[in-house]
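# Tertiary structure, described
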Amino acid sequence: MAEDRRDIEIIRGLAERYAEIAAQPIMDERRDLWRRHNSLERTRPLVYMRWLAAWSEHPESRLQGTHPLWRTHERFLRQHIVQDEVGDDYVIEPWITQPATRVLPAHGRWGVPYNRIPSPIPGGSWLYDPPVRKLEDIEKLAEPHHVIDEESTARNVERLQEAVGDILTVNVDRTPAYWGFTGDISTDIAYIRGLEQIMWDMSDNPQWLHRLLAHMRNGILRVHEEAEAISRSRATSTRRSPTARSLPTRRQTPPRCSARTSGSSAPRRSSRRSRPRCTMSSCSSTRWKSSSPSASSP
């Protein structure tokens, strides 16, 4: 298709620039510094500038491609080219990654739709529109598993290989759909139940909330165990230089936590006859990233 040809021309131009950046000798120096730092050796202070909150304000955020597949890779390449211009210690790796096509429950990761109530004011804050409004709605949640659509994945990998395989190694990301902000529980549970309602549940429905959190915790751990069982033979130590198709296992990476609001919060009562305290933890014991920031989007 003519549109694909135009998109591929854009991708190839960006890929050539990206490959030049990744081949700079300073990238090896940064890898060594991160490896030493993560091995608890004393190094100079390492700087990672995480600036993507302002991505929409950057001129490079105006994508030129039209097809969703190519726009995803165009965004990745543009963001990393800009990351190099920041001048921090981020490592640009010499490969481009195609995510595997993950088979998810209907309506998303937990089997229920995520909706928002938009703000009537331009630039204003949206509100959660949670699908689990009644306690019995917990039965709507799906039990996740790590399932990959191999045919769809192969098609996308082949297209990317044909487009830029002569410039960059094509890496296939087969990590679970439940990782990062979708694997720390707090992000998804706010969509599922509503952030304010969670706070009320800590006081009014603590046992029910524990059941919900346990369901999500078990599901996240299950998909990571399933993915690890498949990928164990390809895993490498995080102390070695990362290579394409060498994602670390859960046991080789530290945990990831977020959400101070719900990370360790509970209602407090002055009365001695208070209800059972519910402490909500948003920490997942899984993180499928390299210890160096170079293995993930900035």
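Now for a description of the structure that goes with this document. (Residues numbered from 1 in each chain as written. Predicted model: local features only at pLDDT ≥ 70, side-chain atom pairs only at ≥ 80, totals over all residues. Heavy atoms only, no water.)

### Remarks on the overall build of the chain
To keep things clear, this is the line we draw: A run of H or I in DSSP counts as a helix once it spans at least four residues, and a run of E counts as a strand once it spans at least two, with each numbered from the N terminus. Working definition: with a 1.4 Å probe on protein chains only, accessible area under 20% of the residue-type maximum means buried, over 50% means exposed, and in between means partly exposed. A contact between two residues is defined here by any heavy atoms of the two lying within 4.5 Å. For every accessible area listed, the method is Shrake-Rupley and the probe measures 1.4 Å; residues are considered covered only by the protein chains on display.
Within the chain one finds eight helices and four strands. Taking all 298 residues of the chain together, 43% fall into the buried category. Across the chain, the fraction of contacts at a sequence separation of at least 24, relative to all contacts at a separation of at least 6, is 76%. Looking at the chain as shown, the accessible area adds up to about 16700 Å², and 50% of this sits on carbon and sulfur atoms.

### Digging into unusual backbone geometry
Located in the positive-phi region is L40, a residue other than glycine, with phi close to 65°. Locating L40 in the fold gives a position in the loop between α2 (25–38) and α3 (68–86). With a relative accessible area of 81%, L40 lands in the exposed category. A positive phi angle, close to 75°, is found at H107, a residue other than glycine. Its location among the elements puts H107 in the loop between β1 (95–99) and β2 (115–117).

### As for the packing of helix α5 (residues 186–193) against helix α6 (residues 195–204)
For clarity, the cut-off: Structural elements are reduced to axes, namely lines fitted to C-alpha atoms, with helices fitted over the stretch in contact, and the angle between N-to-C directions of any two is expressed from 0 to 180 degrees. By definition in this entry, angles of less than 35 degrees are roughly parallel, angles greater than 145 are roughly antiparallel, angles of 65 to 115 are roughly perpendicular, and the rest are oblique. Only Asp, Glu, Lys and Arg are considered charged in this grouping, and only Ala, Val, Leu, Ile, Met, Phe, Trp, Tyr, Cys and Pro are considered nonpolar; every other residue, Gly among them, is considered polar.
It is the contact of α5 with α6, at a shortest axis distance of 7 Å, that shows an interaxial angle of 95°. Here α6 runs roughly perpendicular to α5, going by the angle between their axes. On α6, the residues touching I189, A190 and R193 of α5 are L195, Q197, I198 and D201. For the contact of α5 with α6, the residue count by class is four nonpolar, one polar and two charged.

### With respect to the pattern of salt bridges
The criterion, for reference: Think of a salt bridge as a Lys or Arg side-chain nitrogen and an Asp or Glu carboxyl oxygen that are within 4 Å of each other.
Using the criterion set out here, one finds 18 salt bridges in the structure. The closest approach of N and O atoms between D89 and R44, which form a salt bridge, is 2.6 Å. Of the two residues, D89 sits in the loop between α3 and β1 while R44 sits in the loop between α2 and α3, which places them 45 residues apart along the sequence. For E139, the salt bridge identified is with R211, shortest N-O distance 2.6 Å. Within this pair, whereas E139 is found in the loop between β3 (127–129) and α4 (150–164), its partner R211 is found in helix α7 (residues 206–231), the two being separated by 72 residues in sequence. The exposure class assigned to R211 is partly exposed, which follows from its relative accessible area of 43%. Within the structure, one salt-bridge network assembled from shared partners comprises D32, R35, R36 and E41.

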